[in-house]
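Inside the fold
Here's the letter readout for the chains.
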Amino acid sequence: MAQSRISALGLDVGRKRMGVAGCDGTGLIATGITTIKRTSFQQDIAQLQTIVEDRQVQVLVVGLPYSMNGSMGFQAKEVQKYARRLSQALELPIEYVDERLTSIQAEEMLKAANISPSQNKGLIDRKAAALILQQWLDERRLKILNLPVNNSI
């Protein structure tokens, strides 16, 4: 079955930093690209715009930090508001992914590789963005193949 090419950008939005991940054109593998140190919205847009143009991005995939009980807490609402502004400024659609525990998972991956999480916050953000994007890619692939999506963590 022919699968359409996809260029998506995964974003792990935090107050101080934003992890950015991209995928190969086939939509199989997500990898961390960079970590943006957030200073102003205009600078965030300028940095993202370059990546969007270079990679011909078609969609933004943003991790939403739901509360552990699955509700939309304050932080999730702030991320959603920020993502909507990004979407308008970059003229790209947004899709959201439940990002609960992705940063913890990213930290565990660093520990397993004997890399200090406390000295590599930017790397954690990039890895978390890659996990967010990978989850979206996997769910997208299952939908294309008409298989049930398992959203449990």
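Read on for a plain summary of the structure. In this text, all values refer to a predicted model and were calculated from it rather than measured experimentally.

Some details on the overall build of the chain
For the chain, the helix and strand inventory stands at 4 helices and 5 strands. In the chain, the succession of helices and strands from N to C terminus is β-β-β-α-β-α-β-α-α. Relative to a compact globule of 153 residues, whose C-alpha radius of gyration would be 15 Å, the chain shows 15 Å and is just as compact. In terms of overall dimensions, the chain has a C-alpha envelope of 45 × 35 × 30 Å along the principal axes. Look at the contacts in the chain between residues 6 or more apart in sequence, and 62% of them connect residues 24 or more apart. Summing over all exposed atoms, the chain offers an accessible surface of approximately 8,600 Å²; the carbon and sulfur share of this is 50%.

Description of a nonpolar patch on the surface
Judged by side-chain polarity, M68, L101 and I104 come together as a nonpolar surface patch covering roughly 310 Å² of accessible area. Classification of L101 by relative accessible area gives partly exposed; the value is 38%.

Brief notes about helix α1 (residues 41–55)
A rise of 1.5 Å per residue sets the reference length of α1, with its 15 residues, at 21 Å; its end C-alpha atoms lie 21 Å apart and thus fit the reference within 8%. For α1, every residue scored as buried is listed here: F41, D44, I45, L48, I51 and V52. Taken around the axis of α1, the buried residues stretch over an arc of 130°, which confines them to a single face. Relative to its buried face, α1 has exposed residues pointing more than 90 degrees away, namely Q42, E53 and D54. For α1, the secondary structure elements touched by its buried residues are β1 (8–13), β2 (17–23), β3 (30–37) and α2 (74–90). The first or second residue beyond α1 is Q56, which carries a positive phi of 50°.

Examining the nonpolar core
Core analysis: the biggest nonpolar cluster contains 22 residues, and L9, L11, M18, L48 and L86 have the highest contact counts within it. Elements that contribute at least two residues to this core include exactly β1, β2, α1, β4 (59–64) and α2. With 6 residues, α2 is the largest single contributor of residues to this core. By size, the runner-up hydrophobic cluster in this structure holds 14 residues, among which are I6, A21, C23 and V97.

Some words on the pairing of β4
For β4, a buried count of 6 out of 6 residues is recorded, marking the element as mostly surrounded by other parts of the structure. Of the two faces of β4, the one lined by V59, V61 and G63 and the one lined by L60, V62 and L64 are each fully buried. Bridge count for β1 against β4 is 4 bridges, and the pairing is parallel. Bridged to L11 within β4 is V62. For β4 and strand β5 (residues 94–98), the ladder comprises 5 bridges, and the chain directions are parallel. Looking at the pairing, G63 lines up with V97 of β5. Handedness of the β4-α2-β5 crossover: right-handed.

Basis of the calculations
Residues numbered from 1 in each chain as written. Predicted model: local features only at pLDDT ≥ 70, side-chain atom pairs only at ≥ 80, totals over all residues. Heavy atoms only, no water. Helix = DSSP H or I, 4+ residues; strand = E, 2+ residues; numbered from the N terminus. Rg over C-alpha atoms; globule rule 2.2 N^0.38 Å. Contact = heavy atoms within 4.5 Å. Areas by Shrake-Rupley, 256 points an atom, 1.4 Å probe, with all protein chains shown as cover. Patch = residues over 30% accessible without salt bridge, like charges linked within 9 Å, V, L, I, M, F, W, Y side chains within 5 Å. Salt bridge = Lys/Arg side-chain N within 4 Å of Asp/Glu carboxyl O. Buried < 20%, exposed > 50% of the residue type's maximum accessible area, 1.4 Å probe, protein only. Expected span 1.5 Å × (residues − 1). Arc of directions from axis to C-beta. Core = buried A, V, L, I, M, F, W, Y, C linked by side-chain atoms within 4.5 Å. Pairing = 2+ DSSP bridges. Right-handed = clockwise from strand over helix to strand, strands pointing away.

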